[in-house]
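# Inside the fold
Here's the letter readout for the chains.
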Amino acid sequence: MTPSEVDLHQQVQKSVVLCVCGGIAAYKSVELARRFMDAGYRVIPVMTDDAKRFVGEVTFSALCSEPVRSSLWSQSDPVPHTSLARRADLIVVAPATANIISKYANGASDDLVSAVLSAATSKVLLAPAMHTEMWENRSVQRNVSWLIDGGVDFVQPGVGRLAGGDYGAGRMAEPAEIFDVASRLLGAPTSGDESTLGGIRVLITAGGTREPIDPVRYVGNRSSGRQGYAFAQYAAEQGASVTLVTSSELPVPPGVAVDKVETASEMFEAVKKHFEGSDIVVMAAAVADFAPARVADDKIKKADGVPEIRLVPTADILEYLGSNRRPEQVVVGFAAETSRLEENVAIKRSKKQVDIMVGNDVTKKGAGFGVETNSVYILDGEVSGSYLDGVSKLEVARVVLTKADAIRRARQ
Ligand SMILES: Cc1cc2nc3c(=O)[nH]c(=O)nc-3n(C[C@H](O)[C@H](O)[C@H](O)COP(=O)(O)O)c2cc1C
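Quick summary incoming for the structure in this document. All values derive from a computational prediction rather than experimental measurement.

### Thoughts on the overall build of the chain
Each helix and strand in the chain was counted, giving 14 helices and 19 strands. The C-alpha atoms of the chain give 24 Å as radius of gyration, which agrees with the globular expectation for 412 residues (22 Å, within 12%). Along the first, second and third principal axes, the C-alpha set of the chain runs to 80 × 50 × 40 Å. Intrachain contacts of the chain at a sequence separation of at least 6 include 66% that bridge at least 24 residues. Accessible area for the chain stands at about 19,500 Å²; split by element, carbon and sulfur atoms hold 51% of it. In the chain, the 45 positive side-chain charges and the 51 negative ones have mean positions that sit 3 Å from each other.

### What to know about the pairing of strand S11 (residues 241–246)
Taking burial as the measure, the six residues of S11 include six buried ones, the bulk of the element. The two faces of S11 match: Ser-241, Thr-243 and Val-245 on one face and Val-242, Leu-244 and Thr-246 on the other face are all buried. Where strand S8 (residues 201–206) meets S11, six bridges bridge the pair, whose relative direction is parallel. What sits directly across from Ile-204, in S11, is Leu-244. Here S11 pairs with strand S12 (residues 256–260) via five bridges, running parallel. In the strand pairing of S12, Leu-244 is matched with Val-258.

### Describing the sheet that holds strand S3 (residues 90–96)
Strand order in this open sheet of five strands is S2-S1-S3-S4-S5, and the pairing throughout is parallel. Each of the sheet's edge strands pairs with one partner strand only, and the pair in question is strand S2 (42–47) and strand S5 (153–154). Contacting strand S1 (15–20) and S2, helix H3 (residues 57–64) crosses the sheet at an angle of about 170° to S2.

### Considering the layout of surface pockets
When its volume is computed, the largest pocket comes out at roughly 880 Å³. Around the largest pocket, the lining is made up of 40 residues, and of these Ala-285, Ala-286, Val-287, Asp-289 and Ala-336 lie nearest the centre. Residue assignment for the lining of the largest pocket shows that the elements contributing at least two residues are helix H10 (226–237), strand S15 (311–313), helix H12 (317–324), strand S16 (330–337) and helix H13 (341–352). Tallied by class, the residues present in the lining of the largest pocket amount to 18 nonpolar, 14 polar and eight charged.

### Description of the pattern of salt bridges
Applying the stated criterion across every chain, the model contains 27 salt bridges. Connected through shared salt-bridge partners, Glu-31, Arg-34, Arg-35 and Asp-38 make up one network.

### Some points on the site of the ligand
Taken together, 14 residues sit near the ligand, with Gly-22, Thr-48, Thr-97, Ala-98 and Ala-129 positioned nearest. Within the contact set of the ligand, an oxygen atom lies 2.6 Å away from a backbone nitrogen or oxygen of Gly-22. One of the side-chain nitrogen or oxygen atoms of Thr-48 is found 2.7 Å away from an oxygen atom of the ligand. Relative to its free-state accessible area of 640 Å², the ligand is covered by the protein chains to the extent of 66%. In terms of residue class, the shell around the ligand is built from eight nonpolar, five polar and one charged.

### Considering the state of the cysteines
Joining two cysteines, a disulfide is a covalent bond between their sulfur atoms. This structure, assessed with the given rule, holds zero disulfides. In this structure Cys-19 is not part of a disulfide, and its nearest cysteine sulfur, from Cys-21, lies 6.8 Å away.

### What to know about the packing of aromatic side chains
For the structure shown, the criterion picks out six aromatic pairs. Judged by centre distance (5.9 Å) and plane angle (80°), the rings of Phe-36 and Tyr-41 are edge-to-face. Side by side, Phe-36 and Tyr-41 carry an identical accessibility label, which is buried. Members of the aromatic cluster, joined through ring pairs, are Phe-36, Tyr-41 and Phe-179. Positioned over the ring face of Phe-268 is Lys-272, at 4.2 Å from the centre of the ring. Here Lys-272 stacks its cationic end above the ring of Tyr-320, 5.9 Å away from the centre of that ring.

Cut-offs applied
Residues numbered from 1 in each chain as written. Predicted model: local features only at pLDDT ≥ 70, side-chain atom pairs only at ≥ 80, totals over all residues. Heavy atoms only, no water. Helix = DSSP H or I, 4+ residues; strand = E, 2+ residues; numbered from the N terminus. Rg over C-alpha atoms; globule rule 2.2 N^0.38 Å. Contact = heavy atoms within 4.5 Å. Areas by Shrake-Rupley, 256 points an atom, 1.4 Å probe, with all protein chains shown as cover. Lys, Arg positive; Asp, Glu negative; His and termini not counted. Charge placed at Lys NZ, Arg CZ, Asp CG, Glu CD. Buried < 20%, exposed > 50% of the residue type's maximum accessible area, 1.4 Å probe, protein only. Pairing = 2+ DSSP bridges. Axes fitted to C-alpha atoms, helices over the stretch in contact; angles between N-to-C directions. 1 Å grid on protein atoms, 1.4 Å probe; cavity = no way out; pocket = protein on both sides within 12 Å on 5 of 7 lines; lining within 4 Å. Points joined across faces, edges and corners; volume = space filled by probe spheres on them. Nonpolar A, V, L, I, M, F, W, Y, C, P; charged D, E, K, R; others polar. Salt bridge = Lys/Arg side-chain N within 4 Å of Asp/Glu carboxyl O. Near = heavy atom within 4 Å. Polar contact = N/O pair within 3.5 Å; in protein donor to acceptor, adjacent residues only side chain to side chain. Disulfide = S-S within 2.5 Å. Phe/Tyr/Trp six-rings, centres within 6.5 Å; stacked < 30°, edge-to-face > 60°. Lys NZ or Arg CZ within 6 Å of the ring centre and 35° of its normal.

Here is the structure:
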């Protein structure tokens, strides 16, 4: 390189702080470091003490041409955690152990990796790796959920061989996938792998809202939330950071952040809170159109006669999303219909200004509320849509999210 090329390279060279923790997958981070180096990033390796039980620090320091940092009490840098955090364009933690996820979620900072994370102002990407029992542990999932909710990105672990000859969920994503997601977060072109939603933030709503009449009664609908949960499961499996705003009690898929709500107005507030940071929004919830104008403080007594309940309209969340989104955000709406499906879906799509409208005829057997399968009409253009008939709700999620991601990519 000529001196001016070197200058230009140094001006644009971005820094990745690569934090390696104590899991068997630490060996895969050697390959990850090499990919970052080959792509021209400055890679600053940071290892926990337990990471060094799995891989030698010389491997990282030689590969990255940078000394491995491990201690908060280094002679050369008096405040290493803040200086590393400030230099980072991206902090990648791979493998992210259950331990470091817990420390990060709880603001602990008793070693260099956790202190760098506490001081981070850049984007942070975690690639968890652990045994299935640990990954599915409630505390781990609560911590993951908390971090996703706070804007931290994840490359979700997959299913495969684990330490000790075991097999299951919790295996760290492959270096190529982590590198692709990191590149996206660093604003660089990716390999263009169409099958992954890594680095994408997806907001999903699910369930039927309940509008209270008095402390024990409510106006509700038959939605179980299954279709929304299938979206959450599929998006998380594809590596997206998923926030699920839900009124349903179904078990939450691993790696999904949950915001529990009950009423339409609570759902509206939650959606507004998460909307700004989302790339794709799927409004699969059956939000009440009307709610009692007044909620009685005490249980309405039978002896007082049949009450007259006046209903008032609730906020139209989909309309809000359609008219307040940024141009690159993709919004998917759902329409539960009982007649003239295609016509009603087309009207709703253009009125609400959304990208994709998915309609289902809820009177059809094996479709709509409470069942595992669905039959839908998907309208993603002005003119004609497509049908999926009697397929699993996961398949509906796959087809719709693939279309939504194609729209998102085309807008970049
Ligand atoms: C053989 C072996 C493999 C381990 N693999 C993992 C793992 O994949 N993920 C994990 O979260 N913990 C794993 N652990 C436990 C961690 O090493 C342990 O919780 C440690 O305190 C993590 O420290 P760190 O987060 O500071 O690196 C493993 C332990 C042993 C002995």
